[in-house]
Amino acid sequence: MATSEPKIVLSGTVQGLFQIALKDRLSEDAWRLLREAGLDLSVPLLPTYPLASWLRWQHIVLRDLWPDKPLEEAWRLLGHAVMEGLLATVLGRMLGVGARALGPQFMLFQLNRGFRGTDNYVETQVKAISPGRAELWLSEINDRPHYYVGVLEFLLTLSGAKEPRVSIVAREGSACTFLLEWVK
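This structure is a prediction, so every number in the text was calculated from the model and none was measured.

Whenever I open this one, the nonpolar core confuses me. Can you help?
One recurring pattern in soluble globular proteins is that nonpolar side chains are buried together. F18, W54 and F178 are the most contacted members of the largest nonpolar core, which has 56 residues in total. In contact with W54, not counting residues within four places along its chain, are V9, T13, V14, L17, F18, V82, R144 and Y147.

Mind showing me how you'd approach the pattern of salt bridges here?
It is possible for side chains of opposite charge to pair when their charged atoms get near one another. For the coordinates displayed, the defined rule picks out ten salt bridges. Measuring nitrogen to oxygen at the nearest pair gives 2.3 Å for the salt bridge that ties D29 to R32. Highlighted residues: D29 and R32, both in helix α2 (residues 28-36), separated by three residues, approximately one helical turn. Exposure remark for D29: the relative accessible area of 41% places this residue in the partly exposed category. Where E123 meets R116, a salt bridge forms, and the shortest distance between an N and an O atom there is 3.3 Å. You can call R116 partly exposed: its relative accessible area is 32%.

Is there a simple way to think about a nonpolar patch on the surface in this case?
Where nonpolar side chains cluster on the molecular surface, the patch consists of V90, L91, M94 and L95 and spans about 360 Å² of accessible area. Mapped onto the fold, L91 is located in helix α5 (residues 90-108).

Whenever I open this one, helix α4 (residues 71-86) confuses me. Can you help?
For α4, which comprises 16 residues, the first-to-last C-alpha distance of 22 Å matches the rise-based estimate of 22 Å (1.5 Å per residue) to within 8%. Of the surrounding elements, those touching the buried residues of α4 are α1 (11-21), α3 (51-65), α5 and α7 (145-158).

What should I look at first to understand the sheet that holds strand β6 (residues 175-183) in this one?
The pairing of strands in a sheet happens through backbone hydrogen bonds and is either parallel or antiparallel. As summarised here, the arrangement of the four strands in space is β3-β4-β6-β5, forming an open sheet in which the pairing is antiparallel. The sheet terminates laterally at β3 (124-130) and β5 (162-172), the two strands that pair on one side only. When the angles between neighbouring strand axes are averaged without regard to direction, this sheet yields 20°. On the sheet, α5 packs against β3, β4 (133-138) and β6 and is oriented at approximately 140° with respect to β6. Contacting β4, β5 and β6, α7 runs over the sheet at an angle of about 150° to β5.

Explain the pairing of β4 to me, please; I cannot follow it from the model alone.
Here is the key point about a regular strand: its side chains alternate between the two faces of the sheet. Because side chains alternate across β4, one face comprises the buried residues A134, L136 and L138, and the other comprises R133, E135 and W137, none of which is buried. As paired strands, β3 and β4 are joined by six bridges and run antiparallel to one another. Among the inter-strand pairings, A128 is bridged to a residue of β4, identified as A134. Taking the residues that link successive antiparallel strands as the turn, the β3-β4 hairpin has two residues, and the phi of G132 there is positive, at about 80°. Here β4 runs beside β6; their pairing, made up of six bridges, is antiparallel. Considered in β6, the bridge of L138 is made with C176.

What's the story with the packing of aromatic side chains in this structure? I'm lost.
Aromatic rings considered in pairs are described by the distance between their centres and by the relative angle of their planes. Under the defined criterion, the tally for this structure stands at seven aromatic pairs. Their ring planes at 90° and their centres at 6.2 Å tell us that F18 and W57 sit as a pair that is edge-to-face. Of this pair, F18 sits in helix α1 while W57 sits in helix α3, placing them 39 residues apart in sequence. W57 carries the same exposure label as F18, and that label is buried. Ring geometry for Y49 and W57: centres 5.3 Å apart, planes at 70°, overall edge-to-face. The burial state of Y49 is the same as that of W57; both residues are buried. The lysine or arginine in question, R144, covers the ring of Y147, its NZ or CZ lying 4.2 Å from the ring centre.

Here is what the cut-offs are and how they apply
Residues numbered from 1 in each chain as written. Predicted model: local features only at pLDDT ≥ 70, side-chain atom pairs only at ≥ 80, totals over all residues. Heavy atoms only, no water. Core = buried A, V, L, I, M, F, W, Y, C linked by side-chain atoms within 4.5 Å. Buried < 20%, exposed > 50% of the residue type's maximum accessible area, 1.4 Å probe, protein only. Contact = heavy atoms within 4.5 Å. Salt bridge = Lys/Arg side-chain N within 4 Å of Asp/Glu carboxyl O. Helix = DSSP H or I, 4+ residues; strand = E, 2+ residues; numbered from the N terminus. Patch = residues over 30% accessible without salt bridge, like charges linked within 9 Å, V, L, I, M, F, W, Y side chains within 5 Å. Areas by Shrake-Rupley, 256 points an atom, 1.4 Å probe, with all protein chains shown as cover. Expected span 1.5 Å × (residues − 1). Pairing = 2+ DSSP bridges. Axes fitted to C-alpha atoms, helices over the stretch in contact; angles between N-to-C directions. Phe/Tyr/Trp six-rings, centres within 6.5 Å; stacked < 30°, edge-to-face > 60°. Lys NZ or Arg CZ within 6 Å of the ring centre and 35° of its normal.

By themselves these figures say nothing about function.
Here you go:
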């Protein structure tokens, strides 16, 4: 369901990444660049942030933490970091408990609900192929498919999947289909 509203990222996602996961990992220069780009953590977080700001901040993180990594790997690592931080928030802890209880196959069918806790624009569709195998369509990847590879690898591991593998099957405009595989 596409929205005519401006695309936003919720504060819990920003909090998880910047105040928890990356709190002690970014350089002083990166923190300065983030402040100049509109992320001022010396004041309380806003309830929401424009998607454009979130994407700009992510690029600052990529250049600071993984300048020598291939871009696809840096995006994947950022996806892991976002999930690590998000799971340390109140909402994230609840999501983590739910993911572990459901297991990988059923957790995937709850991703729409999970994304509603992070943003207002990503929609998902899941197609179970066989035990340990599913296709996942995301409506909007903002030209960062490997970021979502990292997010999905993290979620599969969190839900109890062994040896999770996420690959990109197809890109259709701003959407992307992923193949998710794991050992049962």
